[in-house]
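Structure at a glance
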Amino acid sequence: MAHDHTPMMLTLALTAVVAMGPHVARAGTSDAPEVVRSVCAGCHGADGNGGNPTSAEFPKLAGKQSAYLRKQLKDYQTGKRKSPVMAPLAAALSPEQIEAVSAHYAEQTSRPATVTQSALLATGKKVYVDGNVESGVPACAGCHLPDASGNMRYPHLAGQHAPYTYAELRKFASGERDNDRGLVMQAVAARMTDEEMKAVSEYLAGLE
Ligand code: HEC
Ligand code: HEC
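Because the structure is predicted, anything quoted here is derived from the model rather than measured. In this convention, every chain numbers its residues from 1, walking through the sequence in written order. Working convention: letters from A go to chains and numbers from 1 go to ligands, in the order in which they are written. For this predicted model, a pLDDT threshold of at least 70 governs which residues receive local features, and a threshold of 80 or more governs which side-chain atom pairs are given and counted, while totals over whole chains, interfaces and linings are taken from all residues. Only hydrogens and water are removed before side-chain values are computed, so all heavy atoms of the structure are retained for them.

1. Considering the overall build of the protein
Helical segments are the DSSP runs of H or I of at least four residues, strand segments are the runs of E of at least two, and each set is numbered from the N terminus. Helix and strand content of the protein: 10 helices and 0 strands. Reading the secondary structure of the protein in the N-to-C direction produces α-α-α-α-α-α-α-α-α-α. Relative accessibility thresholds used throughout: buried, under 20% of the residue-type maximum; exposed, over 50%; partly exposed, between the two (1.4 Å probe, protein chains only). Across the 208 residues of the protein, 45% fall into the buried class. The contact rule is simple, with two residues in contact once any of their heavy atoms fall within 4.5 Å. Put simply, 65% of the contacts in the protein that link residues at least 6 apart link residues at least 24 apart. When the accessible surface of the protein is summed, it comes to about 10,600 Å², and 60% of that surface belongs to carbon and sulfur atoms. To measure how exposed things are, a 1.4 Å probe is used in the Shrake-Rupley method; for residues, cover is taken only from the protein chains shown.

Now the structure itself:
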C-alpha cells in the first residue's frame, strides 16, 4: 500500500530539499532547530508527533533516543537504510544538523497514536510482553522495555503510528531493511505471523 504514495512523497521530499535553501520558518515549537521547522516538520511534526492523521506512514520521532535517530540519519546518508524519500533529505544534512535534529526530537514527548483495530490489542500485548514461545518470537519488552520507552541500545516504540511499525516489521522479515546491528530485528520479525505483526503494531500505537 505504501508504495502507492511513493510518487507523492518523493515530490514532497524534493520540495523539502529545495526549501532548505532560503529558510522559511513555519509553525512549530519555537525552540526547534531551523531545519526541523523548515523541512522535517511537514512530515514528522515539529514536536515529532506527526503532522496530521493522514500521515501515518511518516514515523513519529518524538522521544526516540538521539543515538538511534543519529544512526538512522547516517544510514539513510550511506544507503545502508533505503528510502527514496529520506535519502535526499538526509544527504542534505550537515553533521551539526544531524546532532541538532536528533537531540531535538529525543527531547520531545510522544503521544499515543490512533488505534483502529482494538480487537487486536490483547494479542498485541501478549506478543509484546511474552513473545511466542512456540515459534520462538522473543518478548519485545526484553529489549525495548515493558513500556516501550527503550534505552540507548533499543529504540523507543511507544505511540508510533501502527502502519509504520507494521511496514518496518514486514521489511525486517523480508530482509528489505537490514541496518539493524547483528540483524537482530530480522531474526525477530522473520518468526512473526502477519497477525502478530498487525497486533503488536496496534498495541504499540496505543502506548504513551
Ligand atoms: C516528505 C516527507 C518527509 C520529510 C520532509 C522528512 N521525512 Fe523523515 N521520514 C519520512 C518517511 C516516509 C520515513 C520512513 C522511511 C522508511 O521507510 O525508512 C522517514 C523516516 C525518518 C527517520 C527514521 C525513523 C525511525 O523511527 O526509524 C528519521 C530519523 C527521519 N525520518 C528524520 C527526518 C528529519 C531529521 C527530517 C528533516 C531534515 C525528515 N525526516 C524529513 C518522511 C519524511
Ligand atoms: C534482542 C533485542 C530485540 C528484541 C527482542 C526486539 N527488538 Fe526491535 N529492535 C532492536 C534493535 C537493536 C533495533 C534498532 C535497529 C536499528 O538500529 O535500525 C530495533 C528496532 C525495532 C523497530 C524499528 C523502529 C523504528 O522506529 O523504525 C521496530 C518496529 C521493532 N524493533 C519492533 C520490535 C517488536 C515488535 C519486537 C517483538 C516482537 C522487537 N522489536 C523485539 C532490538 C530488539
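Alright, that's what it looks like, and here's the rest.
2. With respect to the coordination of the iron atom of ligand 2
As a rule, N, O and S atoms within 2.8 Å of a metal are its donors, except that Na, K and Ca use 3.2 Å; water is not among the atoms, so sites may look incomplete. H144 (NE2) and M185 (SD) make up the full set of protein donors to the iron atom of ligand 2, lying at 2.1 to 2.2 Å. Angle rules define the geometry names used: all angles between 85 and 135 degrees makes four donors tetrahedral, while opposite donors over 155 degrees apart and all other angles between 65 and 115 make four donors square planar and six octahedral, leaving every other case irregular. Geometry at the iron atom of ligand 2 is octahedral, judged from its 6 donor atoms and the angles of 85 to 179° they form at the metal. On the criterion of sequence distance, the pair formed by H144 in helix α7 (residues 141-144) and M185 in helix α9 (residues 184-189) is long-range, its members being 41 residues apart. Each member of the pair H144 and M185 is classed as buried.

3. Here we look at the coordination of the iron atom of ligand 1
Angles between donor atoms at a metal ideally measure 109.5 degrees for a four-coordinate tetrahedral arrangement and either 90 or 180 degrees for a six-coordinate octahedral one. Around the iron atom of ligand 1, the protein contributes the donor atoms H44 (NE2) and M86 (SD), at 2.0 to 2.3 Å from the metal centre. What the 6 donor atoms of the iron atom of ligand 1 show is an angle range of 84 to 178° at the metal, which sorts the shape as octahedral. Of this pair, H44 sits in helix α2 (residues 34-44) while M86 sits in helix α4 (residues 86-91), placing them 42 residues apart in sequence. Among the residues examined, H44 registers a relative accessible area of 11% and is labelled buried.

4. Details of the site of ligand 1
Near ligand 1 lie 28 residues; those nearest to it are C40, C43, H44, Y68 and M86. The term polar contact refers here to a pair of N or O atoms within 3.5 Å; inside protein, the definition further demands a hydrogen-donor-capable atom paired with an acceptor-capable atom, and it admits residues adjacent in sequence only when both atoms are side-chain atoms. One of the side-chain N or O atoms of H44 is found 2.7 Å from a nitrogen atom in ligand 1. Only α1 (6-19), α2, α3 (66-78), α4 and α8 (162-174) provide two or more residues apiece to the shell around ligand 1. When residues of the shell around ligand 1 are assigned to their parent elements, the largest contribution, 5 residues, is made by α3. Residues were grouped as follows: Ala, Val, Leu, Ile, Met, Phe, Trp, Tyr, Cys and Pro as nonpolar; Asp, Glu, Lys and Arg as charged; and all remaining residues, including Gly, as polar. A class-by-class count of the residues in the shell around ligand 1 yields 20 nonpolar, 3 polar and 5 charged. One heavy atom within 4 Å of a molecule or strand makes the whole residue count as near it.

5. What to know about the nonpolar core
Note on terminology: a nonpolar core comprises buried Ala, Val, Leu, Ile, Met, Phe, Trp, Tyr and Cys residues joined through side-chain atoms within 4.5 Å. Formed by 19 residues in total, the largest nonpolar core has its most connected members in Y128, A148, L169, M192, V200 and L207. Counting residues per element, the ones that place at least two in this core are α6 (121-130), α8, α9 and α10 (194-205). Counting residues per element, this core draws most heavily on α10, which supplies 4 residues. Residues within four places of A148 in sequence aside, it is in contact with Y128, H156, L157, A158, L204 and L207. With 18 residues, the next largest nonpolar core counts C40, L89, I98 and Y105 among its residues.

6. Brief notes about the layout of surface pockets
Here the term cavity refers to a set of points on a 1 Å grid, laid over the protein atoms alone, in which a 1.4 Å probe fits but cannot get out; the term pocket refers to an open set having protein on both sides within 12 Å along at least five of seven lines, with lining residues being those that place an atom within 4 Å of a point. Grid points are joined across faces, edges and corners, and a volume is the space filled by probe spheres set on the points. For the second largest pocket, the calculated volume is near 810 Å³. Looking at the lining of the second largest pocket, the elements that each hand over two or more residues are α3, α7, α8, α9 and α10. For the lining of the second largest pocket, the per-class residue count stands at 19 nonpolar, 6 polar and 8 charged.

7. Remarks on the UniProt feature "binding site: heme c 2" (unreviewed entry) in the protein
UniProt positions are given in the numbering used here, feature names are shortened, and annotations may be inferred rather than shown by experiment. The feature "binding site: heme c 2" (unreviewed entry), as given by UniProt, occupies C140, C143, H144 and M185 in the numbering adopted here. Look at the named residues: they lie 46 residues apart in sequence, but the longest C-alpha span between them is just 11.4 Å, so in the fold they bunch up. When the annotated set is filtered for residues lining the second largest pocket, what remains is C140, C143, H144 and M185. With relative accessibility at 10%, the residue H144 sits in the buried group. Residues within four places of H144 in sequence aside, it is in contact with Y128, S149, G150, Y154, P155, L157 and M185.

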